[in-house]
Structures are given as C-alpha cells and as structure tokens.
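# Close look at the chain arrangement
In case you want the letters, here they are:
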Amino acid sequence: DNTGQGGNHNQQHVQQHRNNNGYGNNNGNTQQYQQQQPQRATKPLPMPHIKLNSLHSSRLFDPRNSSTHNIPEYKTMQYLQHTRGLTRSVLRKYGVGCAEYKFPS
C-alpha cells in the first residue's frame, strides 16, 4: 500500500519548501531581524488603586450612560455586550469597569 508513503513524501516536500523559503528554521531572516531590533527595557505601569475598582464599575453601569451622555462609557458597554457577547451579570460578577488611561508610546 503506497498511501502512507505518498503522504510522507508530501510532508517532506512541504517541509523542504518551508526551509528553502526561510520558514520553520531560526537561522534565516528571523535571526537577522532579531539582531537588528534594539531591546528596550520597559517597566510596566502600576495597577490602579484598589478603591478605584468600584468607581470604574459604577462608571460602566451608570444608568445615565447613553449615546448622548457619558459616550465613552456607553460605547464600552455596547462593545462588551454586543461585540464580545458578555451579559451585565457576568460583567458585574468579575468586577469589570471603565476607565480612561494614557499609555506611553
């Protein structure tokens, strides 16, 4: 039966093709790219104060949030519910909130 041999031959051909094109090995362009990129020492930002959690949760669940009032909070809730499929009860259970932060570039 040549079925097993044919499948093995195809796998070898694909692997050879990948190796010839720089895929699947670490001695081609990948290593050169890594050597060219300077390593930056980044320090993580501190976590917000624990008491802010209730404030952030309150902002997200504020009943006044709408498409005309507290728009960022409203859009955040719409995203979480409609795009991500999370219910309000799940968001409350896990303490999800809404806050605006600036991140260094």
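So, here's what we can say about the structure. (Residues numbered from 1 in each chain as written. Predicted model: local features only at pLDDT ≥ 70, side-chain atom pairs only at ≥ 80, totals over all residues. Heavy atoms only, no water.)

## Looking at unusual backbone geometry
To be explicit about the condition: Under the scheme used here, helices are H or I runs from DSSP no shorter than 4 residues and strands are E runs no shorter than 2 residues, and both carry numbers assigned from the N terminus.
Unusually for a residue other than glycine, Asn70 sits at a positive phi of about 55 degrees. Checked against the element boundaries, Asn70 lands in the loop between helix H3 (52-61) and helix H4 (71-83).

## Looking at the packing of H3 against H4
Which entries qualify depends on this criterion: The axes are straight lines fitted to the C-alpha atoms, using for helices just the contacting stretch, and the angles between their N-to-C directions are given from 0 to 180°. Angle categories are assigned with fixed cut-offs, so that under 35 degrees is roughly parallel, over 145 is roughly antiparallel, 65 to 115 is roughly perpendicular, and the rest are oblique. Any pair of residues with heavy atoms lying within 4.5 Å of one another is described as a contacting pair. Residues are grouped as follows: nonpolar covers Ala, Val, Leu, Ile, Met, Phe, Trp, Tyr, Cys and Pro; charged covers Asp, Glu, Lys and Arg; every other residue, Gly included, is treated as polar.
Where H3 meets H4, the axes come as close as 8 Å, and the angle between the chain directions of the two elements is 85 degrees. Between H3 and H4, the crossing angle belongs to the class labelled roughly perpendicular. Taken together, the residues of H4 that come into contact with H3 (itself represented by Arg59, Leu60 and Phe61) are Glu73, Thr76, Met77 and Leu80. Class assignment of the residues belonging to the contact of H3 with H4 gives a composition of four nonpolar, one polar and two charged.

## Comments concerning the pattern of salt bridges
This is how it is decided: Salt bridge, as applied in this entry: a Lys or Arg side-chain nitrogen positioned within 4 Å of an Asp or Glu carboxyl oxygen. Only protein chains enter the accessibility calculation, which uses a 1.4 Å probe. A residue is then buried if its area is under 20% of the maximum for its type, exposed if over 50%, and partly exposed in between.
Taken as a whole, this structure holds three salt bridges when the rule is applied. Between Asp62 and Arg64 there is a salt bridge; the shortest N-O distance is 2.8 Å. Overall, Arg64 belongs to the exposed group, its relative accessible area being 54%. For the salt bridge of Glu100 with Lys102, the shortest nitrogen-to-oxygen distance reads 3.8 Å.

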